[in-house]
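One-letter residues, chain by chain:
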Amino acid sequence: MDTPSLNAYIIIATKGRAAITFELLTWLQSQTLPATHVVVVGSEARDVTDLDTHPSVLAGKASVVVAKHAGSSHQRNVGVDVAKKFGLLGEAPSFAVFMDDDFRPAKTWLEAAQKNFQAQPDVVGITGHVLADGAQGTPLTTDDARVYLSGRKPPEPHWASGATQRPMESLFGCNMAFRDTAVRQCVFDEALPLYGWQEDQDYSSQASRLGRNIYSPDCIGVHLGSKSGRTSGLRFGYSQIANPLYLIKKGTMSRRKAYKFIAKHLAANTVKSLLRHPTVDYPGRLKGNVRALTDLVRGRCDPRRILEFV
């Protein structure tokens, strides 16, 4: 008996990057397994400027909506709700892909994800091989992505890389897929506001209670790491401390991992604050780290505090 196919739904949360998102919609038209539907969720009207003119939207294969407010977790939850109207979590088996607007997948990404879900019924979450990640240094261009995907340039070292499938504690938020059984029960935590740092860890941990999360070397792509649309250094620095501490209490991040993250970022922000960086506000991040630790001592450290910052 043939293994039944799965419907694939792509959800893209975007802020301040309408042109990059338009480009991704065009890029996705080349998938060997066409998406059943693509949902783009902006935080305000200017986030989705001209996206309603894209051929995928005009053909009814994609939808563009504006959420009530900015926030990756909130926007992704809105995206799931919209995708339900087009069949996600309906009678047909399906999976949802959460993809950053600056991720550029190989043409076979959706097909490879479907094959993994079909061959391994106990797998609920998948993240793929990131050939290069501009967020780790200098942002990449779409032309750079083409070079990596064509094999003309070797993959860069990355924690989401390697030739062998393996279990994953946390999937990479820029490209992660979840079976419908997980999407029914998991929700992106909106107490992790704005950039939603570690929302992928939290969601992956929720899903792991239902089955296995894996890294698949067959789901290949490049993360451009665009710097536009990101949160301020102060806010991000606060989140680097507050969010892991929140997830410890929630039970979706181990103390060991959280404390390792906190120590790593404190050290990196301290050292790099002494250097001038053209695109990353390390002094701001360090200031945010210190503010979060001060709030911790005062008993008021909470991820949502960044909404109060100017």
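Before any of the text, the structure's been laid out above.
First things first, this report covers the structure right here in the doc. The shown structure was predicted, so the numbers you read here are calculated from the model rather than taken from an experiment.

Structural notes on the packing of aromatic side chains
As enumerated under the stated definition, the model contains eleven aromatic pairs in all. With 5.4 Å between their ring centres and 80° between their planes, Tyr195 and Phe236 make a pair best called edge-to-face. Residue Tyr195 is found in the loop between α6 (180-185) and α7 (199-208), and its partner Phe236 is found in helix α8 (residues 233-250); the two are separated by 41 residues along the sequence. Given a relative accessible area of 12%, Phe236 falls into the buried group.

Topic: helix α3 (residues 72-84)
Owing to its 3.6 residues per turn, the α-helix brings residues three or four apart onto one side. Here α3 is 13 residues long and its end C-alpha atoms lie 18 Å apart, about the 18 Å a rise of 1.5 Å per residue gives. Counting buried residues in α3 gives eleven out of 13 residues, a clear majority hidden from the surface. Every buried residue belonging to α3 is among Ser72, Ser73, His74, Gln75, Arg76, Asn77, Val78, Gly79, Val80, Val82 and Ala83, and all of these are buried.

Let's talk about unusual backbone geometry
Positive phi values are uncommon outside glycine, yet Leu89 reaches one of about 70°. Here Leu89 is to be found in the loop between α3 and β4 (94-99). Even without glycine at this site, Leu194 takes up a positive phi of about 50°. Following the sequence through the fold, Leu194 ends up in the loop between α6 and α7.

Structural notes on the pairing of strand β9 (residues 212-223)
Within β9, nine of the twelve residues are buried, which leaves the element mostly enclosed by the surrounding structure. Bridge count for strand β5 (residues 103-105) against β9 is three bridges, and the pairing is antiparallel. Paired with Phe103 across the bridge in β9 is His223. Taken together, the eight bridges between strand β6 (residues 123-133) and β9 define a ladder with parallel strand orientation. Bridging across to β9, Ile126 finds its partner in Ile214. Pairing of strand β7 (residues 166-167) with β9, which is carried by two bridges, proceeds in the antiparallel orientation. Bridge pairing links Pro167 to Ile214 in β9.

Regarding the pattern of salt bridges
A side chain of one charge can pair with a side chain of the opposite charge if their charged atoms are brought near each other. Applying the stated rule across the entire model yields 18 salt bridges. Here Glu44 makes a salt bridge to Lys15, at a shortest N to O gap of 3.8 Å. With Glu44 in the loop between β2 (37-42) and α2 (55-58) and Lys15 in the loop between β1 (7-14) and α1 (18-28), the pair connects residues that are 29 residues apart, well separated along the chain. Classification of Glu44 by relative accessible area gives partly exposed; the value is 29%. Lys15 sits in the partly exposed class, given a relative accessible area of 34%. We note a salt bridge from Asp81 to Lys84, for which the minimum N-O separation is 3.7 Å. In this pair, Asp81 and Lys84 are both assigned in helix α3, three residues apart and thus about one turn of the helix distant.

A short note on the side chain of Gln120
With respect to the secondary-structure elements, Gln120 resides in the loop between α4 (109-119) and β6. If sequence neighbours within four positions are ignored, Gln120 has contacts with Gln165, Arg179, Arg212 and Ile214.

A word on the nonpolar core
One broad rule of soluble globular proteins: the nonpolar side chains tend to lie buried together. One finds Ile10, Val38, Phe95, Val97, Trp109, Leu110 and Val222 to be the most contacted residues of the largest nonpolar core, which totals 41 residues. Listing elements by their share of this core, those giving two or more residues are β1, α1, β2, β4, α4, β6, α5 (142-150) and β9. Filtering out sequence-adjacent residues up to four positions away, Val97 remains in contact with Tyr9, Ile10, Ile11, Trp109, Leu110, Met176 and Ala177. Ranked by size, the runner-up nonpolar core spans 25 residues in total, among them Leu89, Met168, Leu171 and Phe188.

Focus: helix α10 (residues 282-298)
Compared with an ideal rise of 1.5 Å per residue, which puts 17 residues at 24 Å, α10 spans 24 Å between its outermost C-alpha atoms and is within 8% of the ideal. When α10 is considered as a whole, its buried residues turn out to be Tyr282, Gly284, Gly288, Asn289, Ala292 and Asp295. Down the axis of α10, the sector holding all buried residues measures 155°, keeping them to one side. Of the residues in α10, the exposed ones pointing more than 90 degrees away from the buried face are Lys287, Val297 and Arg298. Contacts made by the buried residues of α10 are with α8 and α9 (255-272). Its side-chain oxygen placed 2.9 Å from the backbone nitrogen of Gly284, Asp281 serves as the N-cap of α10. Just beyond α10, the residue with positive phi is Gly299, at close to 80°.

Criteria and cut-off values
- Residues numbered from 1 in each chain as written.
- Predicted model: local features only at pLDDT ≥ 70, side-chain atom pairs only at ≥ 80, totals over all residues.
- Heavy atoms only, no water.
- Phe/Tyr/Trp six-rings, centres within 6.5 Å; stacked < 30°, edge-to-face > 60°.
- Helix = DSSP H or I, 4+ residues; strand = E, 2+ residues; numbered from the N terminus.
- Buried < 20%, exposed > 50% of the residue type's maximum accessible area, 1.4 Å probe, protein only.
- Expected span 1.5 Å × (residues − 1).
- Pairing = 2+ DSSP bridges.
- Salt bridge = Lys/Arg side-chain N within 4 Å of Asp/Glu carboxyl O.
- Contact = heavy atoms within 4.5 Å.
- Core = buried A, V, L, I, M, F, W, Y, C linked by side-chain atoms within 4.5 Å.
- Arc of directions from axis to C-beta.
- Polar contact = N/O pair within 3.5 Å; in protein donor to acceptor, adjacent residues only side chain to side chain.

Read these as spatial facts, not as claims about activity.
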